[in-house]
2 protein chains.
Amino acid sequence: MFNTKTMDNKEKQNKEYQILIAAEQEFLTKGYDGARTTSIAKAAGVTHAMLHYYFRTKEQLFERIVDEKFATMSHSMFAIMGDPSLPIIERIKGGISAHFDFIAENPLLPRFIINEIVTRPEHYEVLYKRISLIIETIFHDLQFEVNRAAERGEMERVDVKMILISIMSMNIFTFLAYPFMEPLMGELMADRDKFLAARKAENIETIMKRIKKQ
Amino acid sequence: MFNTKTMDNKEKQNKEYQILIAAEQEFLTKGYDGARTTSIAKAAGVTHAMLHYYFRTKEQLFERIVDEKFATMSHSMFAIMGDPSLPIIERIKGGISAHFDFIAENPLLPRFIINEIVTRPEHYEVLYKRISLIIETIFHDLQFEVNRAAERGEMERVDVKMILISIMSMNIFTFLAYPFMEPLMGELMADRDKFLAARKAENIETIMKRIKKQ
DNA sequence: TTTTGCATTAACAAAATTATTAAACAACAT
DNA sequence: ATGTTGTTTAATAATTTTGTTAATGCAAAA
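Report on the accompanying structure.

1. Topic: the relation of the copies chain B and chain A
(1) Moving on: Take chain B, turn it by 180°, move it 0.0 Å along the axis, and it overlays chain A with an RMSD of 0.0 Å. The two molecules are tied by a two-fold rotation axis, judged by turn and shift.
(2) Moving on: Looking at the interface residues of chain B, 100% of them are also at the interface in chain A, so both copies use one shared face.

In structure tokens, the structure reads:
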């Protein structure tokens, strides 16, 4: 969603903003190639000339959405970091949970980002640097804590990078592949919230068992 | 890849087959919307009128690729089942490894399937039934073995469905998000094979710890 | 009130993409 | 040789989608 704090009500109701909202939905669900500027304009309740008036080209409108979604992705990754004031085990537990919740609120984000990077490598440079920075921050801090805890015999001395990948894999895949899991889960899937709660618990349990001292 | 056993050399060199090969590559990397029939024709070394002569429409050509890729996905899922003659722990270990290797040989498959299902729900019905069948087979058999082993105290009594999701999550995400991991992994990523071997080992280790008796 | 600047509309142009057709060609059986 | 069948090419049609423009409105500043 777009920065609502710096937008007053008038702005929220104006056409430019409506176009952004509609574009976000269209690009997230259909990707750049599948998105249609006419369809965005229609959903926003404006003529498609208006769309071009405000954003010039489909490409420029898309860039606006990409920027915003990359920022959201950064936030989601920071969520894994957890609360540094907690003991390391609790901290990782909380990080997994927070990351899961973040993706749950942005379920279309992972597919969008993955597709963008794979099919439009020109975006890669900017994202690469952004991710590197995040990873440096999270990784060094966490690995330091993990090493200390391992020395105290509280947990295994694990490679935090590997653990981070496993956490992201399990959390993100839940939403990427949600449509496939219906036939797999049967009854449990009937209630989406129930299923997600069970998956979150399972992901936490899996990582906890991976890092706990045997 | 297309059934090469029933195709002699003459057929392999013919235009229809070349179009299929080119279409597979184009659709897998760019998706339906991003793919261009002219680009497929060019890559196949035929005029684009030839493409329409053989396959009538882009849609029909695409269906051919979808059918083939859905079949490949089925095979990948069966790989998780492992060798039923082995003890359950070894069997699951082998299943994870085989599944990982299968995806490694078809790294574009997961993104293609996920995008198809999300953006073209009309395919969902056929896939739903196909997955259901596979899952029934794999799940019942594995859960039965797991329950027996759990009674003998050899492992935890886990929900096999949850374990299957975790395995697929970690194996598939490795390839879905491969481009993102470069900044995360640094040196290790320099050698792709080394990284994949490390990831496979980590996925196996994670699941083993999850199911082993504490 | 005039001017200025942005917003809006409708019509249209341009480009890209998919699809068709008519005619030429080749292989081959009769 | 002739007719039949399927293949190939070049040209072009049709459609879809993106982008532009000129005219008009409208509200606030000068």
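2. Some remarks on the nonpolar core
(1) Moving on: Residues Phe-27, Leu-61, Ile-113 and Ile-211 of chain A together with Phe-27, Leu-61 and Ile-211 of chain B are the most contacted members of the largest nonpolar core, which totals 142 residues.
(2) Moving on: Beyond its immediate chain neighbours, meaning those up to four positions away, Phe-27 of chain B contacts Tyr-32, Ala-35, Ile-40, Lys-58, Leu-61, Phe-62, Ile-65 and Phe-112 of chain B.

3. Here's the deal with the protein's contact with DNA strand D
(1) Moving on: For DNA strand D, the set of nearby residues contains 16 residues, the closest of which are Arg-36, Thr-37 and His-48 of chain A together with Met-50 and Tyr-53 of chain B.
(2) Moving on: Of all DNA strand D atoms lying within 4 Å of any protein atom, the proportion belonging to sugar or phosphate reaches 65%.
(3) Moving on: Note that a phosphate oxygen of DNA strand D is positioned 2.8 Å from one of the side-chain N or O atoms of Arg-36 of chain A.
(4) Moving on: Note that a phosphate oxygen of DNA strand D is positioned 2.9 Å from one of the side-chain N or O atoms of Tyr-54 of chain B.
(5) Moving on: Listing elements by their share of the surface near DNA strand D, those giving two or more residues are α3 (37-44) and α4 (48-55) of chain A together with α4 (48-55) of chain B.
(6) Moving on: Among the elements that line the surface near DNA strand D, the one with the most residues is α4 of chain B, at 4 residues.

4. Describing the environment of Lys-69 of chain A
Residues and elements named next belong to chain A.
(1) Moving on: Mapping Lys-69 onto the fold places it in helix α5 (residues 58-80).
(2) Moving on: Accessibility expressed as a relative area gives 3% for Lys-69, which makes it buried.
(3) Moving on: Sequence separation between Lys-69 and Ile-131 is 62 residues, and the spatial gap between their C-alpha atoms is 13 Å.

5. A few points about the interface of chain B and chain A
(1) Moving on: Facing the 47 residues of chain B at the interface are 47 residues of chain A.
(2) Moving on: Carbon and sulfur atoms make up 69% of the surface buried where chain B meets chain A, a total of about 4,600 Å² over both sides.
(3) Moving on: Ranking the residues of chain B by area buried against chain A places Phe-180, Leu-184 and Lys-209 of chain B at the top, with a combined share of 16%.
(4) Moving on: The interface formed by chain B and chain A contains 4 salt bridges.
(5) Moving on: Between Glu-202 of chain A and Arg-210 of chain B there is a salt bridge, with its nearest N and O atoms 2.9 Å apart.
(6) Moving on: Taken together, the links from chain B to chain A amount to 13 residue pairs in polar contact (both at pLDDT 80 or more).
(7) Moving on: For the side of chain B that touches chain A, the elements supplying multiple residues, two or more each, are α2 (15-34), α7 (109-119), α8 (124-151), α9 (160-176), α10 (178-185) and α11 (192-211) of chain B.

6. Structural notes on the packing of helix α2 (residues 15-34) of chain A against α3 of chain A
Residue and element names in this part refer to chain A.
(1) Moving on: Two elements in contact, α2 and α3, have axes separated by 8 Å at closest approach and are oriented at 130°. When the interaxial angle is binned, α2 and α3 end up oblique. The way α2 lies across α3 gives a crossing that is right-handed. For the pair formed by α2 and α3, the contact residues are Gln-18, Ile-19, Ala-22, Ala-23, Glu-26, Phe-27 and Lys-30 on the first element and Ser-39, Ile-40, Ala-43 and Ala-44 on the second.
(2) Moving on: Looking at side-chain class alone, the contact of α2 with α3 contains 7 nonpolar, 2 polar and 2 charged residues.

7. Describing the pattern of salt bridges
(1) Moving on: Under the counting rule described, the total for this entry stands at 33 salt bridges over all chains.
(2) Moving on: Among the ionic pairs, Glu-125 of chain B bridges to Lys-129 of chain B, the shortest N-O distance being 3.8 Å. With a gap of 4 residues between them, Glu-125 of chain B and Lys-129 of chain B both fall in helix α8, about one helical turn apart.
(3) Moving on: One salt bridge in this structure joins Arg-148 of chain B and Glu-145 of chain B, with 3.7 Å as the shortest N-O distance. Of this pair, Arg-148 of chain B and Glu-145 of chain B both sit in helix α8, 3 residues apart, which is roughly one turn of the helix.
(4) Moving on: On the accessibility criterion, Arg-148 of chain B (40% relative accessible area) is partly exposed.
(5) Moving on: What emerges from the salt-bridge pattern is a single network uniting Glu-156 and Arg-210 of chain A together with Glu-202, Glu-205 and Lys-209 of chain B.

What counts, and where the lines are drawn
- Residues numbered from 1 in each chain as written.
- Chains lettered and ligands numbered in written order.
- Predicted model: local features only at pLDDT ≥ 70, side-chain atom pairs only at ≥ 80, totals over all residues.
- Heavy atoms only, no water.
- Least-squares fit on C-alpha atoms with pLDDT ≥ 70 in both.
- Contact = heavy atoms within 4.5 Å.
- Core = buried A, V, L, I, M, F, W, Y, C linked by side-chain atoms within 4.5 Å.
- Buried < 20%, exposed > 50% of the residue type's maximum accessible area, 1.4 Å probe, protein only.
- Near = heavy atom within 4 Å.
- Polar contact = N/O pair within 3.5 Å; in protein donor to acceptor, adjacent residues only side chain to side chain.
- Helix = DSSP H or I, 4+ residues; strand = E, 2+ residues; numbered from the N terminus.
- Buried area = accessible area lost by both parts, 1.4 Å probe.
- Salt bridge = Lys/Arg side-chain N within 4 Å of Asp/Glu carboxyl O.
- Axes fitted to C-alpha atoms, helices over the stretch in contact; angles between N-to-C directions.
- Parallel < 35°, antiparallel > 145°, perpendicular 65-115°, else oblique.
- Left-handed = near helix turned anticlockwise from the far one by under 90°.
- Nonpolar A, V, L, I, M, F, W, Y, C, P; charged D, E, K, R; others polar.

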